[in-house]
Amino acid sequence: MNRTPPTAVGQVRLWRWRRNPLRRHSDVVEAWIVLVTWVLAVLGGAVAGLMAAQTAGAAFSARQAQVHSLSAVLTDDAAPTPASGTGYDDGRVWATVRWTDVHGTVHTDRAKVSPGVPTGSQVTVWTNRAGHVVSAPVTGAAADLQAALTGLLVAPSAGAAVWGAGWVVRSRLIKRRMAEWDEEWKQIGPRWGNFSGGGRG
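> I would appreciate a short explanation of the overall build of the protein in the present structure.
Per the secondary structure count, the protein includes 3 helices and 5 strands. When the elements of the protein are put in sequence order from the N terminus, they spell out α-α-β-β-β-β-β-α. When each of the 201 residues of the protein is scored for burial, the buried share is 21%. Summarising the internal contacts of the protein: among those between residues at least 6 apart in sequence, 59% fall at separations of at least 24. Of the roughly 14,600 Å² that the protein leaves accessible, carbon and sulfur atoms contribute 61%.

> Even after reading the chapter, I still don't get the sheet that holds strand 1 (residues 68-74), so can you show me in this structure?
Hydrogen bonds between backbone groups are what pair the strands of a sheet, and the pairing can be parallel or antiparallel. Spatially, 5 strands are ordered 3-2-1-4-5 in an open sheet, and the strand pairing comes out antiparallel. Only two strands of the sheet have a single partner each, and these edge strands are strand 3 (106-113) and strand 5 (133-134). Bridging between strand 1 and strand 4 (residues 122-127) involves 6 bridges; their strand directions are antiparallel. Its bridge partner being in strand 4, Ala72 is matched across the sheet by Val123.

> I tried to follow the nonpolar core on my own but got confused; where do I start?
As a rule of thumb, soluble globular proteins bury nonpolar side chains together. Membership of the largest hydrophobic core comes to 13 residues, with the highest contact counts inside it found for Ala72, Leu74, Ala78, Val97, Val113, Val123 and Val125. Among the secondary structure elements, those contributing two or more residues to this core are strand 1, strand 2 (93-100), strand 3 and strand 4. Among the elements that take part in this core, strand 2 stands out by supplying 4 residues, more than any other. Setting aside anything within four residues of it in sequence, one finds Ala78 in contact with Val93, Ala95, Val113, Ser114, Gly116 and Val117.

> Just checking my understanding: could you explain the layout of surface pockets for this structure?
Gaps between atoms show up when a probe of the same size as a water molecule is rolled over them. As a volume, the largest pocket reaches approximately 240 Å³. As for the largest pocket, its lining consists of Arg92, Trp94, Ala111, Lys112, Thr124, Val125, Trp126, Val133, Val134, Ser135 and Ala136. Listed by contribution, the elements that provide at least two residues to the lining of the largest pocket are strand 3, strand 4 and strand 5. Broken down by element, the lining of the largest pocket gets its largest block of residues, 3 residues, from strand 4. Class assignment for the residues of the lining of the largest pocket results in 7 nonpolar, 2 polar and 2 charged.

> Sorry, what's going on with the side chain of Arg177 here?
The topology assignment puts Arg177 in helix 3 (residues 140-195). If we skip the residues at most four places from it in the chain, Arg177 touches Ser26, Asp27 and Glu30.

> Sorry if this is basic, but what is going on with the environment of Ala46 here?
Within the secondary structure, Ala46 is located in helix 2 (residues 25-66). Once the C-alpha coordinates of Ala46 and Leu152 are considered, the two residues, 106 residues apart in sequence, prove to be 8.9 Å apart.

> Looking at this structure, I do not really get the pattern of salt bridges. What am I missing?
Note on pairing: side chains with opposite charge can pair once their charged atoms come close. In the structure shown here, the tally under the stated rule is 2 salt bridges. The residue Arg177 makes a salt bridge to Glu30 at a minimum N-O spacing of 2.5 Å. You can see Arg177 sitting in helix 3 and its partner Glu30 sitting in helix 2, a full 147 residues away along the chain. For the pair shown, Arg177 and Glu30 are each scored as buried.

The rules we used
Residues numbered from 1 in each chain as written. Predicted model: local features only at pLDDT ≥ 70, side-chain atom pairs only at ≥ 80, totals over all residues. Heavy atoms only, no water. Helix = DSSP H or I, 4+ residues; strand = E, 2+ residues; numbered from the N terminus. Buried < 20%, exposed > 50% of the residue type's maximum accessible area, 1.4 Å probe, protein only. Contact = heavy atoms within 4.5 Å. Areas by Shrake-Rupley, 256 points an atom, 1.4 Å probe, with all protein chains shown as cover. Pairing = 2+ DSSP bridges. Core = buried A, V, L, I, M, F, W, Y, C linked by side-chain atoms within 4.5 Å. 1 Å grid on protein atoms, 1.4 Å probe; cavity = no way out; pocket = protein on both sides within 12 Å on 5 of 7 lines; lining within 4 Å. Points joined across faces, edges and corners; volume = space filled by probe spheres on them. Nonpolar A, V, L, I, M, F, W, Y, C, P; charged D, E, K, R; others polar. Salt bridge = Lys/Arg side-chain N within 4 Å of Asp/Glu carboxyl O.

What follows is the structure, given as structure tokens:
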């Protein structure tokens, strides 16, 4: 049983790069389009993913700088169990809390606390610069993980977008080449028929 030599595959793949009478200018252009597309897809995806991760990390840091934690007091008993059917459930319940800021102003707002906490209990809440209770910022390893996941999601999407653009350009080039071949065949086809004995005498 005959086997194709290993070098044959490489020759088939690289024939557009080597000088031969069958190679056309469009073949070289297509080869460059494929090469540049893959390089930009890989590098562009990596750069886009890295930038997305850095942007997400900067956003987490900026939000952490805009909020701060403080100690508040529950003004009523927290519900013993979380309400069902409320969408995202983190196991905590809403309760009214009260605290006094550094200027002596008393604030009241609703915050999420552990179920069953009795009135008068001290809880930690996060507030923004306007004095409203907000969710706790993402910090530390959790922030690093979310930033990394953001980069991992963006990288393949950016690479796919570059590859898609290259595929469109290559498809147009192939379509143009086929049209040129059709025009050439209209000129050569009749003569080819005569050479092969298909023409009429």
